[in-house]
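Here's the letter readout for the chains.
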Amino acid sequence: MIQAILVFNNHGKPRLVRFYQRFVKEIQQQIVRETFHLVLKRDDNICNFLEGGSLIGGSDYKLIYRHYATLYFVFCVDSSESELGILDLIQVFVETLDKCFENVCELDLIFHMDKVHYILQEVVMGGMVLETNMNEIVAQIEAQNRLEKSEGGLSAAPARAVSAVKNINLPEIPRNINIGDLNIKVPNLSQFV
Amino acid sequence: MALKMVKGSIDRMFDKNLQDLVRGIRNHKEDEAKYISQCIDEIKQELKQDNIAVKANAVCKLTYLQMLGYDISWAAFNIIEVMSASKFTFKRIGYLAASQSFHEGTDVIMLTTNQIRKDLSSPSQYDTGVALTGLSCFVTPDLARDLANDIMTLMSHTKPYIRKKAVLIMYKVFLKYPESLRPAFPRLKEKLEDPDPGVQSAAVNVICELARRNPKNYLSLAPLFFKLMTSSTNNWVLIKIIKLFGALTPLEPRLGKKLIEPLTNLIHSTSAMSLLYECVNTVIAVLISLSSGMPNHSASIQLCVQKLRILIEDSDQNLKYLGLLAMSKILKTHPKSVQSHKDLILQCLDDKDESIRLRALDLLYGMVSKKNLMEIVKKLMTHVDKAEGTTYRDELLTKIIDICSQSNYQYITNFEWYISILVELTRLEGTRHGHLIAAQMLDVAIRVKAIRKFAVSQMSALLDSAHLLASSTQRNGICEVLYAAAWICGEFSEHLQEPHHTLEAMLRPRVTTLPGHIQAVYVQNVVKLYASILQQKEQAGEAEGAQAVTQLMVDRLPQFVQSADLEVQERASCILQLVKHIQKLQAKDVPVAEEVSALFAGELNPVAPKAQKKVPVPEGLDLDAWINEPLSDSESEDERPRAVFHEEEQRRPKHRPSEADEEELARRREARKQEQANNPFYIKSSPSPQKRYQDTPGVEHIPVVQIDLSVPLKVPGLPMSDQYVKLEEERRHRQKLEKDKRRKKRKEKEKKGKRRHSSLPTESDEDIAPAQQVDIVTEEMPENALPSDEDDKDPNDPYRALDIDLDKPLADSEKLPIQKHRNTETSKSPEKDVPMVEKKSKKPKKKEKKHKEKERDKEKKKEKEKKAEDLDFWLSTTPPPAPAPAPAPVPSTDECEDAKTEAQGEEDDAEGQDQDKKSPKPKKKKHRKEKEERTKGKKKSKKQPPGSEEAAGEPVQNGAPEEEQLPPESSYSLLAENSYVKMTCDIRGSLQEDSQVTVAIVLENRSSSILKGMELSVLDSLNARMARPQGSSVHDGVPVPFQLPPGVSNEAQYVFTIQSIVMAQKLKGTLSFIAKNDEGATHEKLDFRLHFSCSSYLITTPCYSDAFAKLLESGDLSMSSIKVDGIRMSFQNLLAKICFHHHFSGLLKLWPRAAQEVVERVDSCASMYSRSIQGHHVCLLVKKGENSVSVDGKCSDSTLLSNLLEEMKATLAKC
């Protein structure tokens, strides 16, 4: 079982927080912080497994993470999951994000947290791995997007217009914040198609 | 400017969406909290509007805020509103918000039941999918119960997308509503062979997750998984299955043997590291489960270790880590094969990665031997010095202690060395394991008598040195060591060199800064010390010296009397008074030493930590009974065995007596400064030079003092452990030389011409003699200690509820709750094949029977398929390994033996194989059936055929085991005998056919001739006919399919068809054979009479107590009863006899936890049940009076009943 999936950036800002076990929200935040500090201490060229933090249950649990450019993807799993399998799953998840967002970068995750959740829901459900085949995942996501588009055609149009107006000429828009693209392609690891 | 105006007005007109919210938060970095609270206010406004789109938008924003840690539980109802939107776009937002924020405590969650049910049956697969996904995150026991049936239906949905989600969510449903597991399991099993790989993978996932918690219930699925393993190409599924096998093999060693080969193949063939790793892991599990007497598996171990070495040597740190992890599993059973890779593992200790270092440490634990312990610990000690960060250092510390103390200090040859290691460890600042070190010191000092003198000298030095006092504020800090030091110095004060000096050290004012429990030990041991000094002085005749010591005590003890800690205060007051009294006596020149030391006479023995727990409760003592009726508001206290140390002590003792005057304070401050200046360890409280990863402004300005730690910190006056290493080496070297000399001499004496083949004799562990004569005192245990160490399972474990036997057929009462008003809809869904959805039936027994019959039919038709499903058969077809498997403590040992005897039996029959073909088959089947029954614990009777077919009779399962056991009985009765042959037979109802019974005849050759050409001819009656090979006439004999050499016995089975079974039946028959010996051959005959009793038509059938009650109520049974007098046998054995001879069984309670039946028995009254081969129910009520037994029977046929009771009467009369 996967207990939690956390995505945060190099500064510990959460980008996606998904717990499959109930924690009160204060503890959730604490876990995110603790996990961040655990992961941050580690160099990039050491192993991607960490014996669990003190907050998510005991010795049976492991943190398995990957670091892509500005983002950490952390899965907290118990001993029923294969460590290398989960590493691959993270890869599948990130590659799926890359496909769905067309060259995903941190900004996509920041502004489209809901979409990231929907994608994750096609990969992991209730803490168990639902699908590992990327093509299948992408196909389902696209089908749902089409469905949403067909429904939202009318009501979404004005909203988009408004949003466009709002974006005009405002100096603060974060378009010029350069966070850099995620380096997605990590060699040697796609054992799962 | 104008544009901004426009924008502002539009802002008011249109609401912010998620992107705007995120943007806004990013733009308000300085006053984020304020901005968000503004946004939440806006969201609250939006939620009040009627437009669902606005609401959905608001909920979407809330989900984001939830991630940032804001409470959104107040919006739960709005979330439900959005969930019930008709559009997928909104619905999805609602379910997402719910999955993130709902939990069992959310009260509105019960409102969702119908909405979710509606969505589950929605025509759009994505509506259903979204509902399933959401539900998986917030399913509650109520939702699980109400929706289980709907989800079951979805498991057979046409779209694989829905199927896989439905399968997966079932696990969550099982967890919350364990009753659903049995009804849903058949379908779940079906999904293992779903055509869609995604669904298949989901089913594997769920079953693996279930089996991980309660593996024994899933053993029967092993053949299916085995098939999947050999056929699947999906690595994900393979990994899961292989992991599952890893969990199953410990329960069934035969499975392991079957697995080894395919797994080894996979290891050789796969390119995926993840799969390879899991295969290695499972092979290790298999090897662990197999007993060690398997020489041919050393190759597998070698393969594993070799593959793991490749992993560890890999540059990929992940593989290195996993390699070490798996290596530690091998270590437990095959330490030798790992030890050869010591170099590699020691190398990993230097790795920059902490995870890897920790794993390597784990491995070291199992690799130490007497020879290398010192070397390894020395290496670890250097790591302790180098380690940055207290966690890793603490880990090292505990590992050092673990390694040294493992298996009763097995590897320590020099305890002086160990004590000095412990003393060296005390210089660790900031460790949390002071109590660990202290416990070790105490343990060693108490149990190794020879070391006490040395220990005492070391401990007194510790008491003397000041550095330990410095850390006294920290709980469990290193100052805990003083606890041990003080105790050891006090208890073994006779070994002290300078007791007076130590006494003064223990009475120093700074001692009062220590935690209370340590001070208490100080106070107590000061007196012990005082007593021994007193004795010394008096013996030496130094009356003045003795008085001076007393004066010292009187002067110093008051500082403890003032302590805030009650324990310290009380002890100190008592002792102060005692000392004052002694002072008075001394003033009168009365010798007191004898009396004072008498206070501490006698030696303390070590007591095992669990000793208290193991004291058996005396008979007749009920610990739960109230002594006095409780007061209404009395608080119950948790009585826990107290640890040696007050480690849980929360309260911080006040260190200074409040009355301490200014002057005293100033003096202490001065003293502390002085001490700090002299104390090399004190600097450590300044920030340690750790790497700073995150640049927080301001930190750089603080000058970081770099401490040169390369100079080892030495405790002044204490010896270093290193010197022991050298000493030990020298000592061993000397020993070796001596030994070599001796050996050489001997060798030279023996053979002069032969050269020694090895120039360097390797030193085995046994050769190293310990430096001291070590007498390790074992810990004491109470008399009659209970041997078993029941590890109490956590009663709150949610997975325990899922420990359910899945092989038992479904009872009628087990079905998933179905919403009544939706009955029509559910019946439309394709569920016919699942028994639990079947409509209520009035006759539960019939149903069960039907179900069984169906199975039977299947079995006959698809013998082959059945084979694959039958675990035992599947396992027993494995080619038996050359050495017989050692009987493992597995419930299936007798099955193994059965399988074995079967195999042997077949070998025996090798001669007459052709004819044999027919008869062994039913035999085998029967065996299997019996096995099944026995494993389920349903079998009442014991069976012991004379032909040594089975091991000595197993004890009767049900009832109290402490009662006397019946002598092993045989159900085989004598048929006929003469000087050549003895015939015994057993008649059993056939499980396959309605009116058939199987007669097993055992023929034993008693003569010295070979018996061959045996033929059995039986005269058929109208009612009973023998089943003969096709084409043979009624008058032909039926050949016995074997020959009998002298002294051999064998069994043949024949089937008879009986038309009416209500009456007993007798058949005449003749056995004809040729007896051949050296003198020639003679034709012989033996007549016999086969007696088919009514009991032999009964089949032991389990029955649930509720079904039994229904049966009795139904009223279509006739009744009869008997009474037998003069019975002295115990009721328990009586019942066993009835079960055994008449094929009855006790009632099953519904939901028996361990699948073990319980006879429903009230003191001297028992209900029993059996069923005839033609389906008559027979119910018995057996009552025992004094010296008599009465049996009331109810049966669907009155003749059958009365005949049965007559037979029973005959049996009972013999008792």
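Preceding this paragraph is the structure being described.
First, a word on scope: everything that follows refers to the structure included in this document.

Cut-offs used in this document
Residues numbered from 1 in each chain as written. Chains lettered and ligands numbered in written order. Predicted model: local features only at pLDDT ≥ 70, side-chain atom pairs only at ≥ 80, totals over all residues. Heavy atoms only, no water. Pairing = 2+ DSSP bridges. Helix = DSSP H or I, 4+ residues; strand = E, 2+ residues; numbered from the N terminus. Axes fitted to C-alpha atoms, helices over the stretch in contact; angles between N-to-C directions. Buried < 20%, exposed > 50% of the residue type's maximum accessible area, 1.4 Å probe, protein only. Expected span 1.5 Å × (residues − 1). Arc of directions from axis to C-beta. Polar contact = N/O pair within 3.5 Å; in protein donor to acceptor, adjacent residues only side chain to side chain. Contact = heavy atoms within 4.5 Å. Salt bridge = Lys/Arg side-chain N within 4 Å of Asp/Glu carboxyl O.

**Describing the sheet that holds strand β6 (residues 1038-1039) of chain B**
All names here are of chain B.
- Spatially, β6-β4-β8-β9 is the arrangement adopted by the four strands of the open sheet, whose pairing is antiparallel. Since the sheet does not close on itself, it has two edges, and those belong to β6 and β9 (1080-1092), each with one partner.
- Looking at chain direction, strand β4 (residues 1010-1018) and β6 are connected through two bridges and run antiparallel. What sits directly across from leucine 1016, in β6, is valine 1038.

**Here's the deal with the sheet that holds strand β5 (residues 1024-1026) of chain B**
All names here are of chain B.
- Across the sheet, which stays open at both edges, the five strands sit in the order β1-β2-β3-β7-β5 with antiparallel pairing between neighbours. Single-partner strands in this sheet number two, and they are β1 (973-977) and β5. With direction set aside, neighbouring strand axes in the sheet form an average angle of 30 degrees.
- Two elements, β5 and strand β7 (residues 1049-1058), share three bridges in a ladder whose sense is antiparallel. Its bridge partner being in β7, alanine 1024 is matched across the sheet by isoleucine 1058.

**Points about the pairing of strand β1 (residues 2-9) of chain A**
All names here are of chain A.
- Within β1, eight of the eight residues are buried, which leaves the element mostly enclosed by the surrounding structure.
- Bridging between β1 and strand β5 (residues 71-77) involves seven bridges; their strand directions are antiparallel. Bridged to asparagine 9 within β5 is leucine 71.
- Here β1 pairs with strand β2 (residues 14-19) via five bridges, running antiparallel. Paired with isoleucine 5 across the strands is arginine 18, a residue of β2.
- Here β1 folds back onto β2 in antiparallel fashion, the turn holding four residues, of which glycine 12 has a positive phi close to 85 degrees.

**Quick word on helix α33 (residues 566-587) of chain B**
Residue and element names in this part refer to chain B.
- Across its 22 residues, α33 extends 31 Å between first and last C-alpha, which sits within 8% of the 32 Å expected from 1.5 Å per residue.
- Every buried residue of α33 is listed here: Val568, Ala572, Ile575, Leu576, Val579, Ile582 and Gln586. All buried residues of α33 fall inside an arc of 130 degrees around its axis, so they share one side. In α33, the exposed positions that point more than 90 degrees away from the buried face belong to Leu566, Glu570, Cys574 and Lys584.
- Of the residues that open α33, the one with a side-chain oxygen 3.1 Å from the backbone nitrogen of glutamate 567 is aspartate 565.

**A closer look at the environment of B:Pro1045**
- Within the element layout of this structure, B:Pro1045 appears in the loop between β6 and β7.
- Aside from chain neighbours lying at most four places away, what touches B:Pro1045 is B:Asn1005, B:Ser1009 and B:Ile1010.

**Section: the environment of B:Ala484**
Residue and element names in this part refer to chain B.
- With respect to the secondary-structure elements, alanine 484 resides in helix α28 (residues 480-491).
- Accessibility expressed as a relative area gives 0% for alanine 484, which makes it buried.
- As for alanine 484 and alanine 439, which are separated by 45 residues in sequence, their C-alpha atoms are 7.1 Å apart.
- Non-local contacts of alanine 484, meaning those with residues more than four positions away in its chain, are made with Ala438, Met441 and Leu442.

**Focus on unusual backbone geometry**
- We note that A:Asn103 has phi near 60 degrees; this positive angle belongs to a residue other than glycine.
- Tracing the chain through its elements places A:Asn103 in the loop between α2 (83-101) and α3 (106-111).
- Located in the positive-phi region is B:Tyr409, a residue other than glycine, with phi close to 55 degrees.
- Mapped onto the secondary structure, B:Tyr409 falls in helix α23 (residues 390-409).
- Classification of B:Tyr409 as buried rests on a relative accessible area of 4%.

**Points about the pattern of salt bridges**
All names here are of chain B.
- By the definition in use, this model includes 39 salt bridges over all chains.
- Taking the shortest distance from any N to any O, the salt bridge between glutamate 193 and lysine 227 comes out at 3.0 Å. Note that glutamate 193 is positioned in the loop between α11 (181-190) and α12 (197-213) and lysine 227 in helix α13 (residues 222-231), a separation of 34 residues in sequence.
- The closest approach of N and O atoms between arginine 447 and aspartate 443, which form a salt bridge, is 3.3 Å. Pair noted here: arginine 447 and aspartate 443 are both in helix α25 (residues 434-447), with a separation of four residues, about one helical turn.
- Taking relative accessible area as the criterion, arginine 447 reaches 5% and is therefore assigned buried.
- Among the charged side chains, a network of salt bridges with common partners joins Arg359, Asp362, Glu395 and Lys399.

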